[in-house]
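Summary of the model geometry
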Amino acid sequence: MRRAFTMGLVLLAAAQTTWTQQPRTHELTLTPEHVHWGYYDSRVPPVLRINSGDRVRVETMVAGGLQRLRLAGANESEIPESLKAIELRVTERGPGVHPMTGPILIEGAEPGDGLVVRILAIEFLHPLGVVAFNPGSGVIPDDFPYAHFLLLRWQPGADRVDFRPGVSLKLAPFFGSIGVAPPPLLGRISSRPPGWHGGNLDNKDLVTGSTLYLPVHVRGALLSIGDGHGMQGDGEVTGTALETSLRGTLEISIRKGQRLRWPRAETPTHYISMGLHEDLDEAARLATREMVEFLVAEKGLSRDDAYALCSLAADLHVTQAVDQTKGVHAMIAKSIFR
């Protein structure tokens, strides 16, 4: 009888421990207190603390603020009040243009770990967005020495938007910028160029169902999210995608001792390596080198075989050709591995 009672206590304690360790879902709404504008910095205090494996429902504001939406013709009634409050109250900005929601501190994350960000769901905060270019911007700046703003509207819940009569585009929302804090000695860095911290990757494949892997540089990782896009072509040639505001559900966990050098990702169908550099050729080299390292470490190939396989089965895409730092990502299908 006593033994049965003792075993009952042990099982009860185990059940309580399991219950207390269940992942939680946190809400990170779009308020001025939750936004830092235009930079990543390890000195920004966290606005939320979570455990590894928790989920966060996070809201983000359109890059550059509301000016481009208004110049493109958006009505005040179409713009949520939460965005107007941030525009009014978040006055410390730059050097980048992206309002970033966060940072989120992940308990137990340490330099040398990997941060795993699973994208479970993405939805629009408002059914409109803007695509634009500024004078001399994008990949052919001399051809367009003036500014242009184009507002696109769609029906709530729709999966397509009309660009012009006879031109229909599929909406494919993703966060252009997901990144962690840089090492403390770097101080504040711009939100514009991507790097080993992730940041403004502008990778259109990071949609619902994808996973991003980031190297951790400071205790707690300090993850921030922003730069919502309704869709984008590889290259982002004008310097903007369909800029909009998003709400996403992310599952965030730690992979201890992963020691990534650059961000990596995967979709339900592909593995992705990334190369980021001011020179596009060097970005391609980095993406290829990272894919070789992945195939050696995760698939057990020799370096020679991994390099050969990249030539047969990996596709190089120009992630974006603007934002100072160019991006190339290599994609290899999961289906080739048995």
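Residues numbered from 1 in each chain as written. Predicted model: local features only at pLDDT ≥ 70, side-chain atom pairs only at ≥ 80, totals over all residues. Heavy atoms only, no water.

This part is about the side chain of Arg 247. Take Arg 247: it is sitting in strand E17 (residues 246-255). In this structure, Arg 247 is in contact with Arg 57, Val 58, Glu 59, Ala 121, Ile 122, Glu 123, Leu 125 and Phe 175, ignoring residues within four places of it in sequence. (Helix = DSSP H or I, 4+ residues; strand = E, 2+ residues; numbered from the N terminus. Contact = heavy atoms within 4.5 Å.)

Now for the sheet that holds strand E20 (residues 314-320). Taking strand neighbours across the sheet as the criterion, the nine strands line up as E1-E5-E17-E7-E15-E18-E19-E21-E20 in an open arrangement whose pairing is mixed. With one partner strand each, in any of the chains shown, strand E1 (25-28) and E20 form the two edges of the open sheet. In this sheet, adjacent strand axes meet at a mean angle of 25° when their direction is disregarded. Bridging between strand E7 (residues 114-124) and E17 involves ten bridges; their strand directions are antiparallel. Within E17, the position partnered with Ala 121 by the bridge is Thr 249. Docked against the sheet, helix H4 (residues 280-299) engages strand E18 (264-266), strand E19 (270-277), E20 and strand E21 (326-333), running at close to 140° with respect to E19. The strands touched by helix H5 (residues 303-313) are E20 and E21; relative to E20, the strand with the most contacts, the crossing angle is about 75°. (Pairing = 2+ DSSP bridges. Axes fitted to C-alpha atoms, helices over the stretch in contact; angles between N-to-C directions.)

Take the packing of H4 against H5 next. Two quantities define a packed helix pair, namely the angle between the axes and the distance from one axis to the other. In the contact formed by H4 and H5, the axes pass within 9 Å of each other and the chain directions differ by 125°. As the angle between them shows, H4 and H5 are arranged oblique. Helix-helix and strand crossings are classified by hand; for H4 and H5 the assignment is right-handed. Taken together, the residues of H5 that come into contact with H4 (itself represented by Thr 288, Met 291, Val 292, Glu 293, Leu 295 and Val 296) are Arg 303, Ala 306, Tyr 307, Leu 309 and Cys 310. Along the lines of polarity and charge, the residues of the contact of H4 with H5 split into eight nonpolar, one polar and two charged. (Parallel < 35°, antiparallel > 145°, perpendicular 65-115°, else oblique. Left-handed = near helix turned anticlockwise from the far one by under 90°. Nonpolar A, V, L, I, M, F, W, Y, C, P; charged D, E, K, R; others polar.)

Looking now at H5. For H5, the full list of buried residues reads Ala 306, Leu 309 and Cys 310. The arc that holds every buried residue of H5, seen down its axis, measures 105°, which confines them to one face. Exposed side of H5, more than 90 degrees from the buried face: Asp 304, Tyr 307, Ser 311 and Leu 312 are the residues found there. Where H5 is buried, its residues touch H4, E20 and E21. (Buried < 20%, exposed > 50% of the residue type's maximum accessible area, 1.4 Å probe, protein only. Arc of directions from axis to C-beta.)

Cis peptide bonds are those with omega within 30 degrees of zero, and the linkage from Gly 94 to Pro 95 qualifies with 10°. Within the element layout of this structure, Pro 95 appears in the loop between helix H3 (81-89) and strand E6 (99-106). In the segment running from Gly 102 into Pro 103, the intervening peptide bond is cis, with an omega of 5°. The topology assignment puts Pro 103 in strand E6. Backbone geometry places Asp 227, a non-glycine residue, at a positive phi of 60°. A relative accessible area of 3% means that Asp 227 is categorised as buried. Despite not being glycine, Asp 323 has its phi angle at roughly 60°, a positive value.

What follows concerns the confidence of the model for the protein chain. Looking at the protein chain as a whole, its pLDDT mean stands at 94, while 94% of the residues score no less than 70. In the predicted structure, residues 9-20 sits below a pLDDT of 50 and forms zero contacts with residues beyond four places in sequence or in another chain. (pLDDT = per-residue confidence, 0-100.)

Quick look at the pattern of salt bridges now. Considering all chains together, one arrives at 23 salt bridges under this definition. In this structure, Glu 123 engages Arg 57 in a salt bridge whose closest nitrogen and oxygen atoms are separated by 3.6 Å. Of this pair, Glu 123 sits in strand E7 while Arg 57 sits in strand E5 (residues 55-60), and the two are 66 residues apart along the sequence. Among the salt bridges present, the one from Asp 113 reaches Lys 256, with a minimum N-O distance of 2.7 Å. A residue pair is termed long-range when its members are at least 10 positions apart, and Asp 113 in the loop between E6 and E7 and Lys 256 in the loop between E17 and E18 qualify at 143 residues. Relative accessible area serves as the criterion here: at 5%, Asp 113 is assigned to the buried category. Overall, the relative accessible area of 55% leaves Lys 256 in the exposed class. In the salt-bridge network here, residues are joined through shared partners; they are Glu 27, Arg 57, Glu 59, Glu 123 and Arg 247. (Salt bridge = Lys/Arg side-chain N within 4 Å of Asp/Glu carboxyl O.)

With that out of the way, let us pick up the packing of aromatic side chains. Aromatic ring pairs: the centre-centre distance and the angle between the two ring planes describe each pair. In total, this model carries six aromatic pairs according to the counting rule given. A network of ring pairs unites the aromatic residues Phe 133, Phe 144 and Tyr 146 as a single cluster. Across from the ring centre of Trp 37, 3.7 Å away, lies the NZ or CZ of Arg 93, which sits over that ring. Positioned over the ring face of Phe 163 is Arg 164, at 5.9 Å from the centre of the ring. (Phe/Tyr/Trp six-rings, centres within 6.5 Å; stacked < 30°, edge-to-face > 60°. Lys NZ or Arg CZ within 6 Å of the ring centre and 35° of its normal.)

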